[in-house]
Amino acid sequence: MLAVVFLLTAAVLVLVQARMRRQVRADLASTLRTESRVYAELEKIRRDQAQQSAQLIANQPTLKALMSTNDRPTVEDGSKSMLAMSRADFLILENPHNEMLALHSKSTGVNAAQVEPLLRATEGSEDWWFVEGRLYDVNFVPIVAGFGREERVLGRLALGHEMRADSILSSGSFGKSAFAFERQGKLLLSSLPTDVWGDLESSLPHDNSSTSERDFEVRGERFLASSVELPGSHPVRLYSLQSYDQATSFLHALNRMLIVLGAVAVLAGALIAFFISRQITRPLEQLVAGAKQLQQGDFNFKIPARGNDEVADLSRAFEEMRESLKKSREGMLRSARLEAVGRLAGGVAHDFNNLVMIIKGYSDMLLDSATPEAKPHIEEIKRAGDRASALTRQLLAFSRKQILEPQVLDPNQTVRNMVKMLHVLIGADIELVTSLSDEIGRVQADPGQLEQVVMNLAVNARDAMSSGGKLIIETRAAHLDADYAAVNPEARAGDYVLLAVTDNGCGMSKETQAHIFEPFFTTKEQGKGTGLGLATVYGIVKQSKGHIAVYSELNVGTTFKIYLPAVSTSAQAQAPQKTASAAKGTGTVLLVEDEPALRLLAAASLKRLGYSVIEAENGVEALTLADTAAKIDVVVADIVMPQMGGPEMVEKLRARRGNFAVIFMTGYTEAAALENARIGSETVLLHKPFSSETLAAKIQELQKAAWPAAKAASSST
Ligand SMILES: Nc1ncnc2c1ncn2[C@@H]1O[C@H](COP(=O)(O)OP(=O)(O)OP(=O)(O)O)[C@@H](O)[C@H]1O
Ligand SMILES: [Mg+2]
């Protein structure tokens, strides 16, 4: 690119120079032509004057008288003073027979021997003589005596004027040019230094026919010359000449200057282009670098955007994209971490749950037969079991593996029901404010779990406001849009009911906020907190397809916002159900459970209540045993078991015999697992851990529903 610009510039310079050379040559030629012609004119005038003064001398009677003697010594002697009068450089008198009678000269070079041959060779009134290295312009006039018929030629007068270089130059005809007189290839006189004459002589174009200007070289220097012929018996050629190289030397200087200027211009242009392109390419490079960093997982690479051009806009757009990507990535990482912890906690809780049930079940059984001294101890064991069971429930809630019993409910009602209890919970130092909007819809949630959520948040708020404060619980309708969902990958866009719990307590640092939903994360001193409160809240909200957000400022306060998907207000809020109390019963129960301890426990408590129990370890065994049984009133089966699970077993059994009720037990089952197990919504579910009372109550509930007639009959007796 740079080279092309440079070449173009050079080409332009070459063209300009060629043009200027032509112009200079034409100007020079015209000058030289004018100069030689002007000098030729001057020379003519000078000759005329010289001719007149020669004529004046020739007309003098004394000269005529002298010439009449035709005696050489007399004429020689008598004409001496005439040289001074004539102002010429030499004066010659000659008789009609071409015999020289007198020669007077200012220089010794002009003597008889030199002059006589020239004199004989000259006819006419003028000639150019070259004598002893000097050029003379010679005028001739006849010396005539008498008039008319008496006229008699007495001889010739010749006056010679030396041509001097300095006086020619001072005539002003030649300006800056040099001149040269030449005849038949011989240089006679020149204003140039004599040492170049030899070269000049051999170089001069001896083409007398042409009057046009000619080029020639002297010692490698180029000259241009214009010539004109000066008349005479032996004419000479006058050259006006000038060094063409010198005349165009300014062009070289100009050229050099132009090349330097051109180079500077090209370089400056290139630099400007470079800086402009840097202006554009640098931000683009940064964008590319930013994109690469993103690819490599670095979300902190900032791209500065300066100015208002498109590139800056692009940079800004990229920055926004990076920021939101960073946020959503953080959100995703957080939820993935909670998910992993949840799975772990869920697994532990599930196994732990079975153990707790065994402990509680056996302590129940022991209580029946315990001595009064042993009773308090066993009760203590049972209480510990209850506490452990509450803990596992929380863990299961967090891992979203507890079975919820969602209902359509009014969150305002849930809060109102809790106000009294909350007052007690938070104490007199903390003011409770509720702000409940009537505009909100219903939500689909497990009422007990929703209460748990509010309670956990209220307890945390209380703990954050150790020296009193204000607890605000509010509800209102909310809409989460796609933008919010884009930045918070855990949230889905849609209409929600917002339940917000705000305190003006100690607040949390960003670092704390990043971990609060993790189970067992607590900042409270040992024994004060388990770190399961918010984990439970998180699990319940997630399992209810909701979203939770926290806003907190250190020493200012905290707001937890819980968004639960809104269902239409027309959906009827259900009244809470009450469970029937345990009582003795009759009938045959097919109990299918793979965990032996649990199975034994459940069987023992059912038998205690009066049921006959058939125990099976899995679905396959249950089917075999069922074939031998005369009657089965209720099937109580675990959902997930090796070989054959509960639902499949029940389906097979239904094909063989009808008329039995079914209760499924489960420690946990995700919604998907429930769906896969193809359990109808009419099925009764029992969550582990359950007490024998709960199991008995469920069985009796089912029996009543199945045989209302029998129930009526029994009540009438
Ligand atoms: N409203 C709040 N203000 C300030 N910090 C809070 C607030 N709510 C929770 N936190 C912080 O989050 C941590 C975790 O809370 P979380 O409820 O899960 O556990 P905990 O309250 O410490 O124990 P517990 O299991 O008894 O609830 C708390 O220890 C506390 O540091
Ligand atoms: Mg707590």
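Above this text you will find the structure in question.
None of the values given here were measured: they were computed from a predicted structure.

Asker: Account for the nonpolar core, with residues named and values stated.
Answerer: If you look at the biggest cluster of nonpolar residues, it comprises 57 residues, and the most contacted ones within it are Ile92, Leu157, Ala180 and Leu241. Among the elements that line this core, the one with the most residues is helix H1 (residues 2-58), at seven residues. Among all residues touching Ala180, those that are not within four sequence positions of it are Leu187, Ser190, Leu192, Leu200, Tyr239 and Leu241. Listed in part, the 44 residues of the second largest apolar core include Leu457, Ala461, Met465 and Ile473.

Asker: Give a description of the sheet that holds strand E3 (residues 126-131) that names residues and reports values.
Answerer: In spatial order, the strands read E2-E1-E5-E4-E3; together these five strands make up an open sheet with antiparallel pairing. Because the sheet does not close on itself, it has two edges, and the strands there are strand E2 (100-105) and E3. Geometrically, the sheet is characterised by an average inter-axis angle of 20° between neighbouring strands, direction not taken into account. Across six bridges, the pairing between E3 and strand E4 (residues 134-145) is antiparallel. Residue pairing in the sheet places Val131 in a bridge with Arg134 of E4. The strands touched by H1 are E3, E4 and strand E5 (152-162); relative to E4, the strand with the most contacts, the crossing angle is about 40°. Along the sheet face, helix H2 (residues 61-69) touches strand E1 (90-94), E4 and E5 and points at about 85° away from the line of E4.

Asker: Explain unusual backbone geometry to me, and be specific about the residues and the numbers.
Answerer: Glycine aside, residues mostly have negative phi angles, and peptide bonds mostly take the trans form. Backbone geometry at Asn98 places phi at a positive 60°, although glycine is not the residue there. On the secondary structure map, Asn98 appears in the loop between E1 and E2. For Asn98, a count of 11 C-beta atoms within 10 Å gives the class exposed. Not every positive phi belongs to a glycine, and Glu132 is a case in point at roughly 50°. Among the structural elements, Glu132 can be located in the loop between E3 and E4.

Asker: Give me the lowdown on the site of ligand 1, citing residues and values where you can.
Answerer: Taken together, 23 residues lie near ligand 1, and Ala464, Thr522, Gly529, Gly533 and Leu534 sit nearest. Elements represented by at least two residues in the shell around ligand 1 include exactly helix H13 (447-464) and helix H16 (533-543). No other element matches the four residues that H13 contributes to the shell around ligand 1. Classifying every residue of the shell around ligand 1 gives nine nonpolar, 12 polar and two charged.

Asker: How would you explain the packing of helix H12 (residues 411-426) against H13 if you had to name every residue and give the values?
Answerer: Two elements in contact, H12 and H13, have axes whose closest approach is 10 Å; the angle formed by their N-to-C orientations is 40°. By the angle between their directions, the pair H12 and H13 is classed as oblique. Like other packed secondary-structure pairs, H12 and H13 cross with a definite hand, here right-handed. Contacts between H12 and H13 involve Pro411, Thr414, Val415, Met418, Leu422, Leu425 and Ile426 from the former and Pro447, Leu450, Glu451, Val454, Ala458, Val459 and Arg462 from the latter. Looking at side-chain class alone, the contact of H12 with H13 contains 11 nonpolar, one polar and two charged residues.

Asker: Hey, could you go over the sheet that holds strand E7 (residues 186-190) for me, with residue numbers and the actual values?
Answerer: Reading across from one edge, E7-E6-E10-E9-E8 is the order of the five strands in this open sheet, with antiparallel pairing throughout. Looking at which strands have only one partner, the edges of the open sheet turn out to be E7 and strand E8 (214-218). Strand-to-strand twist of the sheet, defined as the mean angle between neighbouring strand axes without regard to direction, takes the value 35°. As judged from the eight bridges shared by strand E9 (residues 221-230) and strand E10 (residues 236-243), these two strands associate in the antiparallel manner. Residue pairing in the sheet places Glu229 in a bridge with Arg237 of E10.

Asker: Any chance you could break down helix H19 (residues 646-656) for me, citing the residues and the numbers?
Answerer: Within the span of H19, buried status applies to Gly646, Pro647, Met649, Val650 and Leu653. Angular distribution of buried residues about the axis of H19 spans 160°; they occupy a single face of the element. Looking at H19, the residues exposed on the side facing more than 90 degrees away from the buried face are Glu651 and Ala655. Here the buried face of H19 lies against strand E18 (588-592), helix H18 (619-628), strand E20 (634-638) and strand E21 (661-666).

Reading guide: rules and limits
Sequence positions are assigned chain by chain, starting from 1 and proceeding in written order. Naming scheme: in the order in which they are written, chains are lettered from A and ligands are numbered from 1. Confidence filtering applies because this is a predicted model: local features only for residues at pLDDT of at least 70, side-chain atom pairs given and counted only at 80 or more, and all residues used for totals across whole chains, interfaces and linings. Only buried residues count toward a nonpolar core: Ala, Val, Leu, Ile, Met, Phe, Trp, Tyr and Cys, linked into one set through C-beta atoms within 7 Å. Three classes are used. A residue is buried when 20 or more other C-beta atoms lie within 10 Å of its own, exposed when 12 or fewer do, and partly exposed in between, with C-beta atoms placed from the backbone. What counts as a helix is a DSSP run of H or I of at least four residues, what counts as a strand is a run of E of at least two, and both are numbered from the N terminus. The contact criterion used here is simple: two residues whose C-beta atoms, placed from the backbone, lie within 7 Å are in contact. Strand pairing is assigned whenever DSSP identifies at least 2 bridges connecting the two strands. Axis definition: a line fitted to C-alpha atoms, over the contacting stretch in the case of helices. Angles run 0 to 180 degrees between N-to-C directions. To decide nearness, the C-beta atom of each residue is placed from the backbone, and the residue is near a molecule or strand if that atom lies within 6 Å of it. Residue polarity is assigned by list, with Asp, Glu, Lys and Arg as charged and Ala, Val, Leu, Ile, Met, Phe, Trp, Tyr, Cys and Pro as nonpolar; anything else, Gly included, falls into the polar class. Note that the term roughly parallel is reserved for angles under 35 degrees, roughly antiparallel for angles over 145, roughly perpendicular for angles of 65 to 115, and oblique for everything else. Each crossing gets its handedness from the near helix: less than a right angle anticlockwise from the far helix is left-handed, clockwise is right-handed. Within this analysis, the arc is defined by the directions that extend from the helix axis to the C-beta atoms.

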